[in-house]
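Next come the chains, spelled out residue by residue.
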Amino acid sequence: MHLATYLGLLHSSLNTLADAFREVGRGHGEEPDVEHTCLLLAGRIDRQAEALAPIVERYGEDREEEPERLHAAGLEGTRSGGVGLLRDLQDLYALSSFTDITWTVVGQAAQGLRDRELLELVGNHEQETARQLTWLRTRMKQAAPQALIAAR
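Residues numbered from 1 in each chain as written. Predicted model: local features only at pLDDT ≥ 70, side-chain atom pairs only at ≥ 80, totals over all residues. Heavy atoms only, no water.

Helices and strands together make up the secondary structure of the chain, namely five helices and zero strands. The order of α-helices and β-strands along the chain, N terminus first, is α-α-α-α-α. When burial is assessed residue by residue, the chain has 42% of its 152 residues classed as buried. Intrachain contacts of the chain at a sequence separation of at least 6 include 82% that bridge at least 24 residues. (Helix = DSSP H or I, 4+ residues; strand = E, 2+ residues; numbered from the N terminus. Buried < 20%, exposed > 50% of the residue type's maximum accessible area, 1.4 Å probe, protein only. Contact = heavy atoms within 4.5 Å.)

Encoded structure:
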């Protein structure tokens, strides 16, 4: 069974995503909504990782490097200015998308296993990840005109 591989991917991606949200929040403190929302979302993602612990204990986890590689490639530090904010949000979106599809794959395994606890966990946290993606998409739409057209 390879569920342990995907649980490891999920656990790693959650930790990486929470750290990335914190990094972007701190790096764009001049945008109070970004700072506040990023730190709020990081805390929620930390709770997702904590909620995953009993499942990891039951099925095990194999750690993979992909989420850390994505973090290292895109979020070694934050960028400055409007375009920098837009690019940092886009990096968060990519990492959130990775986490989202990993929840989906784990959910499919939960269905196959008929593991109700895992199905409930996936259902709750897939919705949270969808809300993260919605906020990121909306915030990028808000930032794009100013950053790409009006700013010099």
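From this point on, the discussion continues.
A word on the pattern of salt bridges. In the structure shown here, the tally under the stated rule is six salt bridges. The salt bridge partner of R22 is D46, with a shortest N-O separation of 2.9 Å. Taken together, the residues R22 in helix α1 (residues 3-27) and D46 in helix α2 (residues 32-59) connect sequence positions 24 residues apart. Since its relative accessible area comes to 25%, D46 is described here as partly exposed. We note a salt bridge from R58 to D115, for which the minimum N-O separation is 2.4 Å. With R58 in helix α2 and D115 in the loop between α4 (81-113) and α5 (116-150), the pair connects residues that are 57 residues apart, well separated along the chain. Look at D115 and you get buried, because its relative accessible area is 7%. (Salt bridge = Lys/Arg side-chain N within 4 Å of Asp/Glu carboxyl O.)

As a further point, take unusual backbone geometry. Of note, R114 is a non-glycine position whose phi angle comes to about 55°, a positive value. Mapped onto the elements of the fold, R114 is located in the loop between α4 and α5.

Let us now look at the nonpolar core. Ranked by size, the top nonpolar core spans 34 residues in total, and within it F21, L52, L92 and L118 carry the most contacts. Contributions of two or more residues to this core are made by α1, α2, α4 and α5. (Core = buried A, V, L, I, M, F, W, Y, C linked by side-chain atoms within 4.5 Å.)

As a further point, take empty space enclosed by the protein. Enumeration according to the criterion identifies one cavity of 30 Å³ or more in this entry. Space inside the largest cavity adds up to approximately 50 Å³. What lines the largest cavity is simply L41, R44, E128, R131 and Q132. At the level of elements, α2 and α5 are the ones that each hand at least two residues to the lining of the largest cavity. With three residues, α5 is the single largest residue contributor to the lining of the largest cavity. Across the lining of the largest cavity, the residue classes tally to one nonpolar, one polar and three charged. (1 Å grid on protein atoms, 1.4 Å probe; cavity = no way out; pocket = protein on both sides within 12 Å on 5 of 7 lines; lining within 4 Å. Points joined across faces, edges and corners; volume = space filled by probe spheres on them. Nonpolar A, V, L, I, M, F, W, Y, C, P; charged D, E, K, R; others polar.)

The next subject is the layout of surface pockets. The computed volume of the largest pocket comes to approximately 160 Å³. Only α4 and α5 provide two or more residues apiece to the lining of the largest pocket. Ranked by residues supplied to the lining of the largest pocket, first place goes to α5 with four residues.

Let's shift gears to a nonpolar patch on the surface. A surface patch of nonpolar side chains, about 240 Å² in accessible area, is lined by Y6, I101 and V105. Its place among the elements puts V105 in helix α4. (Patch = residues over 30% accessible without salt bridge, like charges linked within 9 Å, V, L, I, M, F, W, Y side chains within 5 Å. Areas by Shrake-Rupley, 256 points an atom, 1.4 Å probe, with all protein chains shown as cover.)

Okay, the packing of α4 against α5 next. Look at α4 against α5: their axes get within 9 Å of each other, and the N-to-C directions meet at 160°. The orientation of α4 relative to α5 falls into the category roughly antiparallel. The two elements α4 and α5 meet at a crossing, and its hand is left-handed. Residues that form the contact of α4 with α5 fall into these classes: 21 nonpolar, ten polar and four charged. (Axes fitted to C-alpha atoms, helices over the stretch in contact; angles between N-to-C directions. Parallel < 35°, antiparallel > 145°, perpendicular 65-115°, else oblique. Left-handed = near helix turned anticlockwise from the far one by under 90°.)

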